[in-house]
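Letter by letter, the chains look like this.
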Amino acid sequence: MRDRRPVRLAIVAVAALLLAFPACSDEGTSTGTATPSTAAPPATAVPTADEFDPADFGDPTTVDNRWFPLVPGTQMTWEGQALDGRDKLQRKVVFTVTDLEKEIDGVPAVVVWELDYTDGELEEAELSFFAQDDGGNVWHLGEYPEEYEEGEIVKHPLWLAGLEEALPGIHMPAEPALHTPSYAQGWGPAVGWDDRGDTYAVGEHTCTDVDCYDDVLVAKEFSRSEPGAFQLKYYAPGVGNVRVGWGGPNEDEHEVLVLTGLVQLDADGLAEARRNALEQEVRAYDLSPDVYGQTQPAVQG
């Protein structure tokens, strides 16, 4: 799933807000909104790009963060809706953790392959790169997206830490805490990528087509260049992202997604995902020889 989508629109009806901030009762029905908690935060600080050091990554491709585990072969599917003006669009995102590793800015990273569909048509395919440091923080080291129109690639706004002044960022802290400063999720100045994260709520309960989850973390993602708009991502412990909502008076897409599929691919399925990800990487070398071309090819872990 894209880390953030463009956002701008006036406040809508209360019913829409209930969709934007879903929380479920024990019976699994929507009952209200995820609201920021007031518990005192622990002292652990989220690292910044200035503290990024390859020496702190002893086993970077073992990503077992409680809120964002990346096990090769895990495939998650989210489905829902978004708006394009007054038109309602059907959305589907398929997120696959491959068994590929790629070195970015001196650190081997897990390669995630993601497909983004709107009204049944492939809108974006993306390779994303994540690594976990020795403290349990999951770093976002870059991404290579391909945006499509009528089956043709029209954009590929690539950013990779260490190239074109891009910096790594934190996708998921080891210990997310309330009332702490927001954190950069990466910085890709060449393509205007400047997303940030913040802990919005903890201890939530939410239900999806797959299961109901307790002790859910809600992370707020936003861009300072687009004030008054943000996404809310709901992370279940040991599972990962199970729901996406939205908020803010300037939000225009109103994307709401829920987890509808969670599987562990068999050997054949994982091999197919690997082949597809490597085919996309070949295109990355062709379309971005000056940036992606500076990296070593992804390899099977």
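Here is a short report on the structure shown in this document. Keep in mind that this is a model prediction, so the values were computed, not measured.

Reading the values: rules and limits
- Residues numbered from 1 in each chain as written.
- Predicted model: local features only at pLDDT ≥ 70, side-chain atom pairs only at ≥ 80, totals over all residues.
- Heavy atoms only, no water.
- Patch = residues over 30% accessible without salt bridge, like charges linked within 9 Å, V, L, I, M, F, W, Y side chains within 5 Å.
- Areas by Shrake-Rupley, 256 points an atom, 1.4 Å probe, with all protein chains shown as cover.
- Salt bridge = Lys/Arg side-chain N within 4 Å of Asp/Glu carboxyl O.
- Lys, Arg positive; Asp, Glu negative; His and termini not counted.
- Charge placed at Lys NZ, Arg CZ, Asp CG, Glu CD.
- Helix = DSSP H or I, 4+ residues; strand = E, 2+ residues; numbered from the N terminus.
- Buried < 20%, exposed > 50% of the residue type's maximum accessible area, 1.4 Å probe, protein only.
- Pairing = 2+ DSSP bridges.
- Contact = heavy atoms within 4.5 Å.
- Expected span 1.5 Å × (residues − 1).

Digging into a negative patch on the surface
Right, so step 1: Together, D53, D56, D59, D64 and D134 line one region of the surface with negative charge.
Right, so step 2: You can see D64 is positioned in the loop between β2 (30–32) and β3 (74–84).

So, the pairing of strand β12 (residues 195–207)
Right, so step 1: Within β12, 10 of the 13 residues are buried, which leaves it mostly tucked inside the rest of the structure.
Right, so step 2: Of the strand pairs in this sheet, strand β11 (residues 183–184) and β12 are connected by 2 bridges, and their pairing is antiparallel. Residue Y183 lies in a different strand from β12, and its bridge partner there is G197.
Right, so step 3: Of the pairings in the sheet, the one linking β12 to strand β13 (residues 212–223) comprises 9 bridges and is antiparallel in character. The partner of G197 across the bridge, within β13, is E221.
Right, so step 4: Between the end of β12 and the start of β13, which pair antiparallel, lie 4 residues.

What about the environment of A236?
Right, so step 1: Note that A236 resides in strand β14 (residues 230–236).
Right, so step 2: On the basis of relative accessibility, which here comes to 0%, the residue A236 falls in the buried class.
Right, so step 3: Those residues in contact with A236 that lie beyond four places of it in its chain are R66, W67, Y213, V216 and V242.

Quick notes on helix α2 (residues 267–287)
Right, so step 1: The first and last C-alpha atoms of α2 sit 30 Å apart over 21 residues, in line with the 30 Å expected at 1.5 Å per residue.
Right, so step 2: Listed in full, the buried residues belonging to α2 are G269, L270, A271, A273, R274, A277, Q280, E281 and A284.
Right, so step 3: Contact partners of the buried residues in α2: β4 (87–104), β5 (107–118), β6 (121–132), β7 (138–149) and β17 (299–300).

None of the figures reported here should be taken as evidence of function without further support.
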